[in-house]
Amino acid sequence: AEYKDEGISLEEITYDDNTHVLDLIQNKTGLLAMLNEECVRPKGSDYGFVNKALHANERSPALIIPRIKNSEVEFGIRHYAGDVLYDATGFVTKNQDTLATDLMECAQTSTNDII
């Protein structure tokens, strides 16, 4: 390696395998998929998202299911740096694909045929 050629002493860096965290977040029954699914449901809710996500991923070593919940929309992820608890209040609303008003106005006044 280049650092050895320059006489720099450096210990080998080992990285944790975060596959289980990535699977929890992005596989087909992961948190992002569950959130996206809940966002397109007419009566989608934060509670529905958390409930479905917890049930679909209950065997994941990265998922933390709080034993004592402070709210019905709470879950956690066991990251490489430690456990992180999330309150999913507002997740569905914030994730809905709505076009910003200024972009919509810009598109409406465009003379481009494609837009």
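Sequence order as written defines the numbering, with residues in each chain counted from 1. With pLDDT at 70 or above as the cut-off, local features in this predicted model cover only qualifying residues; side-chain atom pairs require 80 or more to be listed or tallied, and sums for whole chains, interfaces and linings still use all residues. Hydrogens and waters are ignored; side-chain quantities use all the structure's heavy atoms.

Colleague: Would you mind going over the overall build of the protein with me for this structure?
Modeller: Each helix is a run of DSSP H or I of at least 4 residues and each strand a run of E of at least 2, with the numbering of both proceeding from the N terminus. The number of helices and strands found in the protein is six helices and three strands. Within these notes, the globule rule equals 2.2 Å times the number of residues to the 0.38 power, and the radius of gyration is based on C-alpha atoms. A compact globule built from 115 residues would reach a C-alpha radius of gyration of about 13 Å, whereas the protein, at 21 Å, exceeds it by more than 25%. The C-alpha extent of the protein, read off along each of the three principal axes, is 60 × 50 × 25 Å. Whether a residue is buried, partly exposed or exposed follows from its accessible area with a 1.4 Å probe, protein chains only, as a fraction of its type maximum: under 20%, in between, or over 50%, in that order. Looking at the protein as a whole, 25% of its 115 residues are labelled buried. Working rule for contacts: check all heavy atoms of both residues, and any pair within 4.5 Å makes them a contact. If you take every contact in the protein between residues at least 6 apart in sequence, the share linking residues at least 24 apart comes to 41%. For every accessible area listed, the method is Shrake-Rupley and the probe measures 1.4 Å; residues are considered covered only by the protein chains on display. Total accessible area computed for the protein in this model is approximately 9100 Å², and 51% of it derives from carbon and sulfur atoms. Positive residues here are Lys and Arg, negative ones are Asp and Glu, while His and the chain termini are left out of the count. A charge is said to be at NZ when it belongs to Lys, at CZ for Arg, at CG for Asp and at CD for Glu. The protein carries 10 positive and 20 negative side-chain charges, and their two centres are separated by 13 Å.

Colleague: Help me out: how do you make sense of the sheet that holds strand β1 (residues 63–64) in this one?
Modeller: Strand pairing within a sheet occurs via backbone hydrogen bonds; the two strands may be parallel or antiparallel. Strands sit in the order β1-β2-β3 across an open sheet of three strands; the sheet is antiparallel. The open sheet is flanked by β1 and β3 (82–87), the only strands paired with a single partner. Here, axes are lines fitted to C-alpha atoms. For helices the fit covers the stretch in contact, and angles between N-to-C directions go from 0 to 180 degrees. Of the strands in this sheet, β1 and β2 (74–79) touch helix α2 (residues 19–26), which is tilted by about 150° from β2. The sheet strands contacting helix α4 (residues 46–56) are β1 and β2, and the helix crosses β2 at an angle near 45°. At least two bridges found by DSSP between two strands is the condition for calling them paired.

Colleague: Explain the packing of aromatic side chains to me, please; I cannot follow it from the model alone.
Modeller: What counts as a ring pair is set by centres within 6.5 Å for rings of Phe, Tyr and Trp (its six-membered ring), and what kind of pair is set by the plane angle: stacked under 30 degrees, edge-to-face over 60, tilted for all other angles. Summed over the entire model, instances satisfying the criterion amount to four aromatic pairs. Both rings, one in phenylalanine 75 and one in tyrosine 86, keep their centres 5.4 Å apart while their planes meet at 25°; by these two values the pair is stacked. Taken together, the positions of phenylalanine 75 in strand β2 and tyrosine 86 in strand β3 put the pair eleven residues apart, joining distant regions of the chain. Take phenylalanine 75: its relative accessible area is 4%, and that puts it in the buried class. For tyrosine 86, a relative accessible area of 27% translates into the label partly exposed. Arranged with centres 6.4 Å apart and planes meeting at 90°, the rings of phenylalanine 75 and phenylalanine 91 form a pair that is edge-to-face. Here phenylalanine 75, found in strand β2, pairs with phenylalanine 91, found in helix α5 (residues 91–95); they are 16 residues apart in sequence, far enough to count as distant. By relative accessible area, which is 25% here, phenylalanine 91 ends up partly exposed. Taken together, the aromatic side chains of Phe49, Phe75, Tyr86 and Phe91 make up a single cluster linked through ring pairs.

Colleague: I would appreciate a short explanation of the nonpolar core in the present structure.
Modeller: The tendency in soluble globular proteins is for nonpolar side chains to be buried side by side. Formed by 17 residues in total, the largest nonpolar core has its most connected members in Leu24, Leu31, Phe49, Val50, Phe75, Ile77 and Ala88. Secondary structure elements with two or more residues in this core: α2, α3 (31–40), α4 and β2. In contact with leucine 24, other than residues within four places in its own chain, are Gly30, Leu31, Asn57, Ser60, Ala62, Leu63 and Ile77. The nonpolar core is taken to be a set of buried Ala, Val, Leu, Ile, Met, Phe, Trp, Tyr and Cys residues, with the residues joined through side-chain atoms within 4.5 Å.

Colleague: What is the right way to look at the side chain of aspartate 46 in this model?
Modeller: For aspartate 46, the location among the structural elements is in helix α4. The charged side chain of aspartate 46 is buried without a salt bridge, its nearest counter-charge being lysine 94 at 8.4 Å. N or O atoms closer than or at 3.5 Å make up a polar contact, with two conditions inside protein: a donor-capable atom paired with an acceptor-capable one, and, for residues adjacent in sequence, both atoms drawn from side chains. Within the structure, the side chain of aspartate 46 is placed 2.6 Å from the backbone nitrogen of glycine 90, a separation counted as a polar contact. The residues contacting aspartate 46, other than those within four sequence positions of it, are Val73, Ala88, Thr89, Gly90, Phe91 and Val92. Each reported salt bridge corresponds to a side-chain nitrogen of Lys or Arg within 4 Å of a carboxyl oxygen of Asp or Glu.

Colleague: Just to check I follow, could you spell out α3 for this structure?
Modeller: An α-helical segment advances 3.6 residues per turn. Residues three or four places apart therefore align on the same side. Considered for burial, the residues of α3 that qualify are Leu31, Met34, Leu35, Glu38 and Cys39. Seen end-on, α3 carries its buried residues on one side only, within an arc spanning 135°. Taking the helix axis as origin, the arc is that swept by the directions to the C-beta atoms.

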